[in-house]
Amino acid sequence: VFGPSKLPLQDALVIAQRDATRAQMKQEGKQAKPPTVEMLVQLENHLFNSNLNIILRVFAGLFFMMGIGCFRWSDVQRSENLTLTTDAIMGVSWKMKKKKTKTPWAVNRISFTSRDWGGLWIFLLNSLNLPGPDFILPKPVASFADWVACKVCSFADGLRALRVLLMAGEGALTIDEAVLF
């Protein structure tokens, strides 16, 4: 049910959904915990879950790639030339931290559980006419049911999607746990 909430502003669910300032997001980024192997497997499972909304599935694939490739948000979100090879996904980041030039990157397309996560993720992206010309994901609407036209997904949007995914399905984190990531 959507509508006005009576949750206190300090509630973890409110904190997880707020639009934070750039300074707040930087502070949260410094305090974020690294993902566990269990979290990465959970994200992989979300990617393969055909009952899950396709937009959340592509977010799950992006976060899985970030985890196995040790990437930051902007490293992958601001990428171009995604290519699927027989054993990897390759791309070129034009906004990698402390790099003044475009930086190529690659990750294995086969996961810890021996599934072709990369092939599925690229297929799902292509089915949504993605990635964009110099970014991977556009901005989602609040419900993750569609994209906002002509807007690029921000770090805050990605963080919100990650927390929603971490609180869903088998091995789900509590709200209080999810806001730590």
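A. Region of interest: the pattern of salt bridges. Taken as a whole and assessed by the stated rule, the structure comprises five salt bridges. Linking aspartate 75 and arginine 72 is a salt bridge whose minimum nitrogen-to-oxygen distance equals 3.7 Å. One salt bridge connects aspartate 157 with lysine 139, and the closest N-O pair in it is separated by 3.0 Å. Separated by 18 residues along the polypeptide, aspartate 157 in helix H7 (residues 155-166) and lysine 139 in strand E4 (residues 138-140) bring together distant segments of the chain. Judged by its relative accessible area of 5%, aspartate 157 falls in the buried class.

B. Geometry of unusual backbone geometry. Note that the residue after leucine 130, namely proline 131, is joined by a cis bond; omega there is 0°. The topology assignment puts proline 131 in the loop between helix H6 (117-127) and E4. Of note in this structure, serine 114 is not a glycine but carries a positive phi near 65°. Tracing the chain through its elements places serine 114 in the loop between strand E3 (103-108) and H6. At cysteine 150, a residue that is not glycine, the phi angle is positive and equals roughly 60°. Mapped onto the fold, cysteine 150 is located in strand E5 (residues 147-152).

Calculation notes
Residues numbered from 1 in each chain as written. Predicted model: local features only at pLDDT ≥ 70, side-chain atom pairs only at ≥ 80, totals over all residues. Heavy atoms only, no water. Salt bridge = Lys/Arg side-chain N within 4 Å of Asp/Glu carboxyl O. Helix = DSSP H or I, 4+ residues; strand = E, 2+ residues; numbered from the N terminus. Buried < 20%, exposed > 50% of the residue type's maximum accessible area, 1.4 Å probe, protein only.

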